[in-house]
Amino acid sequence: MAISNTQALGKSPKPGAFRFKLPAEARIFMVLLGVALIFELLGWIFVGQSFIANKERLIVMILQVSVIGIIAVGVTQIIIMGGIDLSSGSVVALTAMVSASLAQTSDFARAVFPTLTDLPVIAPLAAGLLVGLVCGLINGTVIAKTAIPPFIATLGVMVTARGMAKWYTQGEPISMLSDNYAAIGAGINPVIIFLVTALVFHIILSYTRYGKYTYAIGANRAAARVAGINVNRHLILVYTVAGLLSGLAGVVTSARAVSGQAGMGMMYELDAIAAAVIGGTSLNGGLGKITGTVIGTLILGTMTSGFTFLRIDAYYQEIVKGIIIVVAVVADQYRQRNRRS
Amino acid sequence: MLSLAPEKPLTTALSQPPVAAQQLLIDVQGVRKAFPGVVALDDVSFRLRAGSVHALMGENGAGKSTLMKILAGVYTPDQGVYRLHGREIALTSPLDALENGIAMIHQELNLMPFMSIAENIWIRREPLNRFGLIDHARMYQMTRELFAQLSIELDPQAKVASLSISSRQMVEIARAVSYNSDVLIMDEPTSALTEHEVAHLFRIVRMLREQGKGIIYITHKMNELFEIADEVSVFRDGHFIGCKQVEQLSHDEVIRMMVGREITEMFPKTIVPIGEVALEVSHLTLDGVFHDVSFSLRQGEILGVAGLIGSGRSNVAETLFGVSPASSGQIRINGQPVTIDSPRTAMQHGMAFLTEDRKDTGCFLSLSIQENMQISVLGGDNLQAGFVRQQALDAMCEAMSGTLRVKTPNLDERIENLSGGNQQKVLIGRWLLTNPKILILDEPTRGIDVGAKAEIHKLICKLAGQGVAVIMISSELPEVLGMSDRIMVMHEGRVTGIVDRADATQVSIMTLAAG
Ligand SMILES: Nc1ncnc2c1ncn2[C@@H]1O[C@H](COP(=O)(O)OP(=O)(O)OP(=O)(O)O)[C@@H](O)[C@H]1O
Ligand SMILES: [Mg+2]
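Residues numbered from 1 in each chain as written. Chains lettered and ligands numbered in written order. Predicted model: local features only at pLDDT ≥ 70, side-chain atom pairs only at ≥ 80, totals over all residues. Heavy atoms only, no water.

Visitor: Residues and numbers for the nonpolar core, please.
Guide: In this structure, B:L279, B:F295, B:L320, B:M351 and B:I438 are the most contacted members of the largest nonpolar core, which totals 156 residues. The element best represented in this core is helix α10 (residues 231-257) of chain A, accounting for 13 residues. There are two domains that each give this core at least three residues, and those are domain 3 (264-350 + 436-515) and domain 4 (366-435) of chain B. In this structure, B:L320 is in contact with B:L279, B:V281, B:L284, B:F295, B:I331, B:I340, B:A346, B:M351, B:I440 and B:I471, ignoring residues within four places of it in sequence. With 53 residues, the next largest nonpolar core counts B:L146, B:V177, B:L208 and B:V234 among its residues. (Core = buried A, V, L, I, M, F, W, Y, C linked by side-chain atoms within 4.5 Å. Buried < 20%, exposed > 50% of the residue type's maximum accessible area, 1.4 Å probe, protein only. Helix = DSSP H or I, 4+ residues; strand = E, 2+ residues; numbered from the N terminus. Domains from an automatic or database assignment. Contact = heavy atoms within 4.5 Å.)

Okay, structure coming up:
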């Protein structure tokens, strides 16, 4: 069958006067700039210095949200696919514990595994990623093979993984980690890891079949199946990828803190979801961009460091953050509706 | 102005004295509506008389649905005057329109699948008991009364998800009628109905006309126009071409007004050499849905499938394609027995399946036309080192939408913004791109205008000529009769006959379809 040989029956009309539409990311970027400018202004008024023109502050700002950003790259894909993942924060804790326990030096008498000290750095790294991957695999398999909705399935993994993180050392923190391991989280390495991850998945989502299928499933799952996509397999794959990224986030977290603690990553799942949603990913599925999520993450970071800069109480920070998230979701709904009229 | 208060029995509500026949219900003038990149309507006028059926015709993307959405408060026009009962009005929402006595049945179905039929019909108007809670018994009773009046036989408590697409359409119609509004807009209501239900719908429409209501009726089917409409307004590319009394018009004149040129052949069937058996189905059964379906299909052959609501036509197609795998029976492709447990495996065997409901199982509404069209060919040659070869795909989709005449400023536009008929063309394009050996089409020309329809028929014949085996389900008897080499007729989940082209007539098919 050669359609191209068929004579074209007519040209599709191309009316001129195409109204220029800003891409969604551009609008989110404006929001980021707006937030930064507000802090700049308040900075001059209340603190008497510039908020933006301070390299250290900018680096710290990105550093503190890098881990959230790494998680958000995975969570964005899940939300685009029409799902949700509540387990990421707990997975960070569990991975942090497991990988830290394999990164201890022999100088320490009370190591978790006294026979497994001074391992090459690849060991804790691989173990951490594996733990994340397995958690994601469990999420994906339960969601694909049963009728349990993602919210509940990942809630189960969230509680279980947190419990396992505590059980792992009976709540004891793990310390005395090797320098090589600590190097993973040192300096601006977390930022680099975050940006590289984001870039890689931006490319994957835009230019590979994996990406196209992710959007299609989120846009219309039944139609995706009829179009020949193995929906269940793809669900498992995407949840696994997100788990892997949570695992990576756990490794970075423990390396940066040079310790593993069962309380790590608390509520990170919500920050990651917030970053994605603020960045324009629709909770209805089928819509979203990694670039948007990166900007969303930076908006969260700017707010946190802005409040700190203005010496505003942490409590207020959370209140404002909550409001911003709701506003972002409302804005999404509004956009969806507006498109139709 | 919801005149149908729950406590008022329907019979009295629906039999109010007719309004003076010549009274103008709706009078719009100089309406303009633009979307980014397209002017959907430009200086359009339209008037609707009470007690008449006013048909709207025009090619896909002519602006019919857009105008109706303006009348029903979904869109606000950029320019123009809208008079209702002679008073100028600016509607703010569909709800506002309903309260002003304008109800609309949209081109795509809008029911909530996991709610009952009754809940769907009376949503926002549920009868309450004295505790202020919903009185379900009364609601079912009201639904039964409504259905009795419209002669619809459906269980008010059934979930919409369990209904066939045509039954859903009947529920939509009943819901619109239940508002007892002065103006009822129907956007291609019959595209999902079989002849039998079309006749039923027409009885309802005539009853409403008797009651002095104004009905706007969009259709692409010429015979319906002459059967039901009093007046017709024709649109082309966002412009109003003319409004005529139907008696003064001939078939050809309408087409000329619509497309601005002649269309000679309606079903350009070409007889092509029939090859080997491509598909052989024996005793195929899906428990509780259809039983013991057997037929064979050869390369180059077009097998039409006819039947009424609930005859199981679409279910057989779904099972062949692995959407809902068979409970028993055998499928052979090119002589080899195969197990088809998912659409994916069906595609690996060279099958393609255009589904009946483009909104539910066809379109990815939030994605672009391009992404919708290419989704089933993201493999093989179109992948290079794991990356999608976007340029090659772009070129393929560009060519395909040229062939199918998809009307859009560019392929990056969201499919949601296309007119219904153009969405259908994109989905046809999706499956043609897969180069199928066995092509299953469920209502292929649903919502497609006369001109494009003839072209799609030509295309199907051309594919058959290249050895593709085609199964074509259609509710339009002329289409089935005109295109098929053989026609399989189903009734209540069983095959009641397979008729050769030479022996098939409207009557013989209808008799078999009635069981
Ligand atoms: N929301 C929208 N955004 C952008 N363009 C739109 C939108 N709605 C409609 N259009 C465009 O306006 C034109 C008219 O569309 P409309 O749906 O009114 O056509 P129609 O006459 O109903 O066609 P059909 O017979 O295929 O249903 C089309 O070119 C369509 O692409
Ligand atoms: Mg339309």
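Okay, back to it.
Visitor: Break down the UniProt feature "domain: ABC transporter" (unreviewed entry) in chain B for me, citing the residues and quoting the values.
Guide: According to UniProt, the positions carrying the feature "domain: ABC transporter" (unreviewed entry) are residues 26-262 and 272-511 of chain B. Between the C-alpha atoms that bound residues 272-511 of chain B the distance is 29 Å, and the span itself is 33% helix and 27% strand. (UniProt positions renumbered as here; feature names shortened; annotations may be inferred.)

Visitor: Mind laying out the coordination of the magnesium ion (ligand 2), listing which residues take part and the relevant values?
Guide: Between any two of four tetrahedral donors, the ideal angle at the metal is 109.5 degrees; between two of six octahedral donors, it is 90 or 180 degrees. Residue and element names in this part refer to chain B. Within the protein, S65 (OG) and Q107 (OE1) serve as the donor atoms for the magnesium ion (ligand 2), at 1.9 to 2.2 Å. Here S65, found in helix α2 (residues 64-71), pairs with Q107, found in the loop between β6 (102-105) and α4 (117-121); they are 42 residues apart in sequence, far enough to count as distant. Note on accessibility: S65 and Q107 belong to one class, buried. (Donors = N, O, S within 2.8 Å, 3.2 Å for Na, K, Ca; no water.)

Visitor: An account of empty space enclosed by the protein is needed here, citing residue identities and associated values.
Guide: Vacant regions in the atomic arrangement are exposed by a probe of water-molecule size rolled over the atoms. All names here are of chain B. Inspection of every chain in the model, using the stated rule, returns nine cavities of 30 Å³ or more. The volume enclosed by the largest cavity comes to roughly 140 Å³. Lining the largest cavity are 18 residues, and of these S191, K221, T445, G447 and E476 sit closest to its centre. There are two domains that each give the lining of the largest cavity at least three residues, and those are domain 1 (1-101 + 181-191 + 210-262) and domain 3 (264-350 + 436-515). Of the volumes computed, that of the second largest cavity is approximately 70 Å³. Elements with a minimum of two residues in the lining of the second largest cavity: β13 (302-307) and α18 (506-513). Take the lining of the second largest cavity: its biggest share by element is three residues, from α18. Here the residues of the lining of the second largest cavity sort into six nonpolar, four polar and two charged. (1 Å grid on protein atoms, 1.4 Å probe; cavity = no way out; pocket = protein on both sides within 12 Å on 5 of 7 lines; lining within 4 Å. Points joined across faces, edges and corners; volume = space filled by probe spheres on them. Nonpolar A, V, L, I, M, F, W, Y, C, P; charged D, E, K, R; others polar.)

Visitor: Quick one: what's the story with unusual backbone geometry, residue by residue and with numbers?
Guide: Residues and elements named next belong to chain B. One non-glycine residue, E188, adopts positive backbone phi at about 45°. By the secondary structure assignment, E188 is in the loop between β7 (183-187) and α7 (195-210). Looking at E188, the relative accessible area reads 5%, which means it is buried.

Visitor: Outline the sheet that holds strand β20 (residues 469-473) of chain B, supporting the account with residue identities and numerical values.
Guide: Residue and element names in this part refer to chain B. Read across the open sheet, the six strands follow the order β16-β19-β20-β13-β21-β22; overall the sheet is mixed. Every interior strand has two partners, whereas the edge strands, β16 (351-354) and β22 (494-500), have only one. Within the sheet, the average angular offset between the axes of one strand and its neighbour, ignoring direction, is 15°. Where strand β21 (residues 486-491) lies against β22, six bridges are found, and the strand directions are antiparallel. Looking at the pairing, V489 lines up with G497 of β22. Here helix α10 (residues 313-320) sits on the sheet in contact with β13, β16, β19 (438-442), β20 and β21, set at roughly 145° to β20. (Pairing = 2+ DSSP bridges. Axes fitted to C-alpha atoms, helices over the stretch in contact; angles between N-to-C directions.)

Visitor: How would you summarise the sheet that holds strand β15 (residues 336-338) of chain B if you had to cite specific residues and measurements?
Guide: Residue and element names in this part refer to chain B. Strand order in the open sheet formed by four strands is β12-β11-β14-β15, with antiparallel pairing between adjacent strands. The open sheet is flanked by β12 (290-298) and β15, the only strands paired with a single partner. Taken pair by pair, the neighbouring strands of this sheet meet at an average axis angle of 20°, ignoring direction. Two elements, strand β14 (residues 328-333) and β15, share three bridges in a ladder whose sense is antiparallel. Residue I333 lies in a different strand from β15, and its bridge partner there is Q336.

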